[in-house]
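Okay, here's what each chain looks like letter by letter:
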Amino acid sequence: MRAIITYHSIDSSGSAISTSEQQFRQHASWLARNDKVKVVSLEALLSASDNDHAIALTFDDAFKNFRTVAAPILSSHGFPATLFIATSHAGRSNAWKAPRGAGEIPLLPLMDWADIASVAERGISIGSHARSHRALPSLCAADLHDEIAQSADEIRRELGKRPSAFAYPYGIASARERNEVSRLYDLAVGAELSVLGEKSDRYMLPRIDAYYLRKAGVIESFGLPKFIRFLKLRNRGRQLRTSVNRLLGPGGG
């Protein structure tokens, strides 16, 4: 079983994008103790077998608390991770449209380029979350190119290395956006609540949001049939909400 887990903010607010420090430490400690589940990079996860039990850790938006809380915990366990940044918001805040139906989302500071460079030097992979965290399907061709290509250029300019991974804002993308991303990146991640399979699209890889791992015992069931049953149950409700949200307009993740 292979899966990508998505975290956003490590804080105690209890919001839909938040994982408490205690919860994150529990997740990391369990992964470190479990010799049957490996924590690997996104690239290594793609080349692993479905018979392997492997997890890749990703963090969206680059909140300041990634540097102060998450990064030291990851480092203490020797875990790789990918941090996706909305480049025009570096050093600012997550003042973009909140996920529809997510309730109150805290306005929090984001890492600046010095922060991002410091975690990159410690081995964290830096990926693009576009420039301004706008829903890509709503953009004209020129704006779409700017969001996808210019964000890569900004990361290369600031850090000296082009990103190889892309995360779609709100987890949504049509064939047009996937095709545009595939010209510049090696892989891209979305927000489908699922593990990876042989037929997973390299440019729309599924991810499991940490929001669904808050309940005690859920992440500990990874690799077992009941973990898949749990995802399928949660995915039915999530797909229904997503269908409604798409009818109402963009706003999520």
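Residues numbered from 1 in each chain as written. Predicted model: local features only at pLDDT ≥ 70, side-chain atom pairs only at ≥ 80, totals over all residues. Heavy atoms only, no water.

## What about the overall build of the protein?
Our working rule: Helix and strand assignments come from DSSP, with helices taken as H or I runs of at least 4 residues and strands as E runs of at least 2, each series counted from the N terminus. The size measure is the radius of gyration over C-alpha atoms, and the globule rule it meets is 2.2 Å times the number of residues to the 0.38 power. Exposed residues in this analysis have more than 50% of their type's maximum accessible area, buried residues have under 20%, and partly exposed residues fall in between, with area computed by a 1.4 Å probe over protein chains only. Contacts are assigned to residue pairs with any non-hydrogen atoms lying within 4.5 Å of each other. To measure how exposed things are, a 1.4 Å probe is used in the Shrake-Rupley method; for residues, cover is taken only from the protein chains shown. In summary, the charge assignment counts Lys and Arg as positive and Asp and Glu as negative, without counting His or the chain termini. All charge positions are set by atom: Lys at NZ, Arg at CZ, Asp at CG, Glu at CD.
A tally of helices and strands in the protein yields 7 helices and 10 strands. Relative to its length of 253 residues, the protein is compact, with a C-alpha radius of gyration of 17 Å against a globular reference of 18 Å. Expressed along its principal axes, the backbone C-alpha trace of the protein runs to roughly 45 × 40 × 35 Å. Taken over 253 residues, the protein has a buried fraction of 52%. For the protein, contacts bridging at least 24 residues in sequence account for 65% of all contacts bridging at least 6. Total accessible area on the protein is roughly 11,700 Å²; 49% of this is exposed by carbon and sulfur atoms. Side chains of the protein carry 33 positive and 26 negative charges; the gap between the two charge centres is 6 Å.

## Some words on the side chain of Ser 128
Formally: Side-chain atoms alone can form a polar contact between residues adjacent in sequence; in general such a contact is a pair of N or O atoms within 3.5 Å, and within protein one must be able to donate a hydrogen while the other accepts it.
Residue position: Ser 128 is located in strand S7 (residues 125-128). Within the local environment of Ser 128, its side chain forms a polar contact with the backbone nitrogen of Ala 130, the two atoms lying 3.0 Å apart. At 2.7 Å, the side chain of Ser 128 forms a polar contact with the side chain of Ser 151. Not counting the four nearest positions on each side in its chain, Ser 128 is found in contact with Phe 84, Ile 85, Ser 151, Ile 155, Pro 163, Ala 165, Phe 166, Ala 167 and Tyr 185.

## With respect to the packing of aromatic side chains
Convention followed: Ring geometry is summarised as follows: Phe, Tyr and Trp rings, the Trp one being its six-membered ring, pair when their centres sit within 6.5 Å, and such pairs are stacked at plane angles under 30 degrees, edge-to-face over 60 and tilted between the two.
Following the criterion strictly, the structure yields 8 aromatic pairs and no others. On the numbers, 5.4 Å between centres and 70 degrees between planes, the contact of Phe 166 with Tyr 168 is edge-to-face. For the pair shown, Phe 166 and Tyr 168 are each scored as buried. When the centroid spacing of 5.3 Å and the interplanar angle of 75 degrees are considered together, the rings of Phe 222 and Phe 227 count as edge-to-face.

## What to know about helix H3 (residues 64-77)
Quick note on the threshold: Take the residue count of a helix, subtract one, and multiply by 1.5 Å to get its expected span.
Between its terminal C-alpha atoms H3 stretches 20 Å, which fits the 20 Å expected from 14 residues at 1.5 Å a residue. Lining the buried residues of H3 we find strand S2 (9-10), helix H1 (21-33), strand S5 (54-60), strand S6 (82-85) and helix H4 (113-121). Just downstream of H3, Gly 78 is the residue with a positive phi angle, here 70 degrees.

## As for the nonpolar core
Test applied: Working definition of a nonpolar core: buried Ala, Val, Leu, Ile, Met, Phe, Trp, Tyr and Cys residues. They are joined through side-chain atoms within 4.5 Å.
The biggest cluster of nonpolar side chains holds 45 residues, and the ones touching the most others in it are Leu 57, Phe 59, Phe 66, Leu 74, Leu 83 and Phe 227. Of all the secondary structure elements, the ones that give two or more residues to this core are strand S1 (2-7), H1, S5, H3, S6, H4 and helix H7 (225-248). With 6 residues, H3 is the single largest residue contributor to this core. Leave out the neighbours within four places in its chain, and Leu 57 touches Ile 5, Tyr 7, Leu 31, Val 39, Val 40, Leu 74, Phe 79, Pro 80, Ala 81 and Thr 82. Judged by nonpolar contacts, the second largest core, of 14 residues, contains Ala 130, Phe 166, Ala 173 and Met 204.

## Observations concerning the packing of H3 against H4
Each pair of packed helices gets described by two things: the angle between the helix axes and the distance between those axes. Test applied: Lines fitted to the C-alpha atoms define the axes, with helices restricted to the stretch that makes contact. Angles between their N-to-C directions range from 0 to 180 degrees. Here the word oblique covers every angle except those under 35 degrees (roughly parallel), over 145 (roughly antiparallel) and from 65 to 115 (roughly perpendicular). We call a crossing left-handed when the near helix sits turned anticlockwise from the far one by less than a right angle, and right-handed when that turn is clockwise. Classes in brief: Ala, Val, Leu, Ile, Met, Phe, Trp, Tyr, Cys and Pro nonpolar; Asp, Glu, Lys and Arg charged; the others, Gly included, polar.
Taken N-terminus to C-terminus, the directions of H3 and H4 make an angle of 30 degrees; their axes are 9 Å apart at the nearest point. Taken together, the axes of H3 and H4 are roughly parallel relative to one another. Handedness of the crossing formed by H3 with H4: left-handed. Of the residues in H4, those in contact with Lys 64, Phe 66, Arg 67 and Ala 71 of H3 are Asp 115, Ser 118 and Val 119. By residue class, the composition of the contact of H3 with H4 is 3 nonpolar, 1 polar and 3 charged.

## Some words on the pairing of S5
Put simply, the test is: Only strands that DSSP links by at least two bridges are regarded as paired with each other.
Of all 7 residues that make up S5, 7 are buried, and the element is covered over most of its length. Residues Ala 54, Ala 56, Thr 58 and Asp 60 of S5 are buried on one face, and the alternating residues Ile 55, Leu 57 and Phe 59, pointing to the opposite face, are buried as well. In the sheet, S1 pairs with S5 via 6 bridges, with the strands oriented parallel. Bridge assignment links Thr 6 to a residue of S5, and that residue is Thr 58. As paired elements, strand S4 (residues 38-39) and S5 share 2 bridges and run parallel to each other. Looking across to S5, one finds that Lys 38 is bridged to Ala 54. Relative to S6, S5 is paired through 3 bridges, and the arrangement is parallel. Within S6, the residue paired with Phe 59 across the bridge is Leu 83.

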